[in-house]
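# Structure at a glance
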Amino acid sequence: MTALPIPQPRAETAADATRRRAGRSLGVALLLGAAGSAVVLIASGQTWAEGSAVVAGGSVSLDAGGRDVTGVPAALAVVGLAALVAVFAVRTAGRLLVSALLALSGVGATVAALVGASDSAALDDKAARTTGDTAATVGALTHTAWPYATAAGGLLILLAGLLALRYGSHWPTMSGRYERDGTPRAARVRAPAASPAGATVDPDRPEDIWKALDRGEDPTSRGVSGT
């Protein structure tokens with residue numbers, strides 16, 4: 001008896017490996033982009049700096065939130081989140097531009113957070129308003145770790161953008177049934193129906209229908225509806 005050949009597994013090609021990496025990168029990019037945007041939005045709403053201002057009879061404690069210091073990280077987090085979704089709605093050059101916008105949003109959020117980590121202008125403004133002295137500055141200034149958490153979130157957005165730039169061309173695109181190419185739909189042409197007596201009856205012309213009824217014919221008996 002002749003032994004049957006044992007089928008061998010097909011060797012993975014370069015295209016197969018690229019598709020496999022692209023599939024993994026898609027999930028990772030979505031996770032990084034969503035997590036990074038959430039971290040930036042949450043961390044930028046926390047207290048970034050604390051201090052005190054001297055007033056008559058003592059001092060008053062002051063604090064400044066991240067959005068008091070700079071609103072750039074939160075704004076760029078929203079832009080990055082929108083770009084992450086838009087990646088799937090565009091193709092080719094459009095996808096490349098959106099991916100670049102996603103990466104730049106991460107860069108901008110990170111840089112703005114690091115710059116704001118040592119900022120004292122927001123607390124100085126609060127000290128001037130609290131004391132009524134425009135020259136007043138905040139004392140005993142300290143900074144929290146929230147600016148660095150915001151910067152870390154920006155880095156996650158940046159990584160999502162880099163993955164989109166590298167593998168985005170292999171990612172799926174929004175279904176064509178959700179897209180509109182601007183081409184007008186062809187109008188449905190309804191063919192005139194012939195009456196039993198041989199006269200042509202156009203169902204869109206009321207006068208033809210009335211003439212058929214006057215002749216004692218049924219204009220609907222030959223599929224006037226066109227369906």
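Now for a look at the structure at hand. The model shown is predicted, which means the values in this text are computed figures rather than measured ones.

Below, the discussion takes up the packing of aromatic side chains. A complete count under the given rule lists one aromatic pair for this structure. For Arg166, the ring lying beneath its charged end belongs to Tyr167, and the centroid distance is 4.6 Å.

Look at helix α4 (residues 92-116) against helix α6 (residues 146-167): their axes get within 7 Å of each other, and the N-to-C directions meet at 165 degrees. Between α4 and α6, the angle is such that the two are roughly antiparallel. In terms of crossing hand, the pair formed by α4 and α6 is left-handed. The residue inventory of the contact of α4 with α6, partitioned by class, reads 18 nonpolar, seven polar and no charged.

You can see Ala128 is positioned in helix α5 (residues 121-131). Look at Ala128 and you get buried, because its relative accessible area is 18%. Each C-alpha atom of the pair Ala128 and Val138 lies 8.5 Å from the other, and the pair is ten residues apart in sequence. In this view, Ala128 contacts Asp133, Thr134 and Ala136; residues no more than four positions away in its chain are not counted.

Turning to the side chain of Ser99, a few remarks are in order. Inspection of the secondary structure puts Ser99 in helix α4. Classification of Ser99 by relative accessible area gives buried; the value is 0%. A distance of 2.8 Å separates a polar atom in the side chain of Ser99 from the backbone oxygen of Arg95. Residue contacts for Ser99: discarding those within four places in its chain leaves Val87, Gly161, Ala164 and Leu165.

Right, let's get into the sheet that holds strand β1 (residues 47-55). The antiparallel open sheet is built from three strands, whose spatial order is β2-β1-β3. Looking at the sheet topology across the chains shown, the edges are occupied by β2 (58-65) and β3 (139-143). On average, adjacent strands in this sheet sit at an angle of 15 degrees to one another, irrespective of strand direction. Relative to β2, β1 is paired through eight bridges, and the arrangement is antiparallel. Looking at the pairing, Ala49 lines up with Ala64 of β2.

With that out of the way, let us pick up the environment of Thr142. Here Thr142 lies in strand β3. Since its relative accessible area comes to 39%, Thr142 is described here as partly exposed. Expressed as a C-alpha distance, the spacing of Thr142 and Gly51, which sit 91 residues apart in the sequence, is 6.2 Å. When residues no more than four places from it in sequence are discounted, the contact partners of Thr142 are Trp48, Ala49 and Glu50.

Basis of the calculations
- Residues numbered from 1 in each chain as written.
- Predicted model: local features only at pLDDT ≥ 70, side-chain atom pairs only at ≥ 80, totals over all residues.
- Heavy atoms only, no water.
- Phe/Tyr/Trp six-rings, centres within 6.5 Å; stacked < 30°, edge-to-face > 60°.
- Lys NZ or Arg CZ within 6 Å of the ring centre and 35° of its normal.
- Axes fitted to C-alpha atoms, helices over the stretch in contact; angles between N-to-C directions.
- Helix = DSSP H or I, 4+ residues; strand = E, 2+ residues; numbered from the N terminus.
- Parallel < 35°, antiparallel > 145°, perpendicular 65-115°, else oblique.
- Left-handed = near helix turned anticlockwise from the far one by under 90°.
- Nonpolar A, V, L, I, M, F, W, Y, C, P; charged D, E, K, R; others polar.
- Buried < 20%, exposed > 50% of the residue type's maximum accessible area, 1.4 Å probe, protein only.
- Contact = heavy atoms within 4.5 Å.
- Polar contact = N/O pair within 3.5 Å; in protein donor to acceptor, adjacent residues only side chain to side chain.
- Pairing = 2+ DSSP bridges.

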